[in-house]
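Close look at the chain arrangement
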Amino acid sequence: RVSAQFARASYGRRLPGGMASAGSGAAASSTVCVAFPPELYPEQLSSATAIFARFGDIARIDTTLGSTTGRLLVTFFDIRAADQALAEFQDSAERFPANATDFRAVSIAASTFSELPPNFGGFQTFGEIANVSISGEDMVVEFHDMRAAQQVAMSVPGCRGAGPP
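Everything quoted here is computed from the prediction, not taken from an experiment.

Quick look at the nonpolar core now. Side chains of nonpolar character tend, in soluble globular proteins, to be buried together. One finds Val32, Phe52, Leu72 and Phe76 to be the most contacted residues of the largest nonpolar core, which totals 18 residues. Of all elements in the fold, only β1 (31-35), α2 (45-52), β3 (71-76) and α4 (79-89) reach the threshold of two or more residues within this core. The element that contributes the greatest number of residues to this core is α4, accounting for five residues. Discounting residues that sit within four places of it in the chain, valine 32 has contacts with Leu72, Leu73, Val74, Phe76, Ala82, Leu86, Ala93 and Glu94. In this structure, Phe103, Leu116, Ala149 and Val152 belong to the second largest nonpolar core, which totals 13 residues.

Next up, the structure:
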């Protein structure tokens, strides 16, 4: 099994450059950078997909740095899948900055929220909510899955994506 071999072979390795690992919260990226030893680097997209799909739905796999650095970037839809991959690959994986479109939180002005129609079923109808907070005059709703936040941003008037700073 490739992933078990990789986990044994990579124990104790650190990524060059020491990328900062974001904690939980809306700013935490669901993109993970994994450094593979040359002999275990997945040469085919299907191989990379097989390694990471067991953690959850994959939004994107980027292999552009693979041939020169041995690094592969995988973006999961759900932050919990990224957390599982980080735990599995330990010191050979770290969070990588998210793309602007990979937001898991939305913000809405309190004044706009109070004007939503009575038939608005609530943010929980879009997906599982991870956190709700106040930022200035805005309410920020963080989801575990970026698809929920993106659906809210497209469907609820006045909501906008609240990506990483």
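Having put the structure on the table, let's press on.
Our next topic: the side chain of histidine 144. By the element assignment, histidine 144 lies in the loop between β7 (138-143) and α6 (146-155). Here histidine 144 is in contact with Phe77, Asp78, Ile79, Arg80, Arg104, Glu128, Ile129 and Ala130, once residues within four sequence places are set aside.

Within the open sheet, the four strands sit side by side as β6-β7-β5-β8. Their pairing is antiparallel. Two strands close off the open sheet at either side, each with one partner strand: β6 (129-135) and β8 (160-161). Note: strand β5 (residues 105-109) against β7, five bridges, orientation antiparallel. Within β7, the position partnered with alanine 105 by the bridge is glutamate 142. Contacting β5, β7 and β8, α6 crosses the sheet at an angle of about 30° to β5.

Another point: the packing of aromatic side chains. Scanning all chains against the criterion turns up nine aromatic pairs. Considering the side-chain rings of phenylalanine 36 and phenylalanine 52, the 6.3 Å spacing of their centres and the 85° angle between planes classify their relative orientation as edge-to-face. Here the residue phenylalanine 36 occupies a position in the loop between β1 and α2, and phenylalanine 52 occupies one in helix α2, the gap between them amounting to 16 residues. Looking at phenylalanine 52, the relative accessible area reads 0%, which means it is buried. On the basis of an interplanar angle of 75° and a centroid distance of 5.2 Å, the ring pair of phenylalanine 120 and phenylalanine 123 is categorised as edge-to-face. Since its relative accessible area comes to 23%, phenylalanine 120 is described here as partly exposed. Pairwise contacts between aromatic rings join Phe36, Tyr41, Phe52, Phe55, Phe76 and Phe89 into one cluster.

Conventions and cut-offs
- Residues numbered from 1 in each chain as written.
- Predicted model: local features only at pLDDT ≥ 70, side-chain atom pairs only at ≥ 80, totals over all residues.
- Heavy atoms only, no water.
- Core = buried A, V, L, I, M, F, W, Y, C linked by side-chain atoms within 4.5 Å.
- Buried < 20%, exposed > 50% of the residue type's maximum accessible area, 1.4 Å probe, protein only.
- Helix = DSSP H or I, 4+ residues; strand = E, 2+ residues; numbered from the N terminus.
- Contact = heavy atoms within 4.5 Å.
- Pairing = 2+ DSSP bridges.
- Axes fitted to C-alpha atoms, helices over the stretch in contact; angles between N-to-C directions.
- Phe/Tyr/Trp six-rings, centres within 6.5 Å; stacked < 30°, edge-to-face > 60°.

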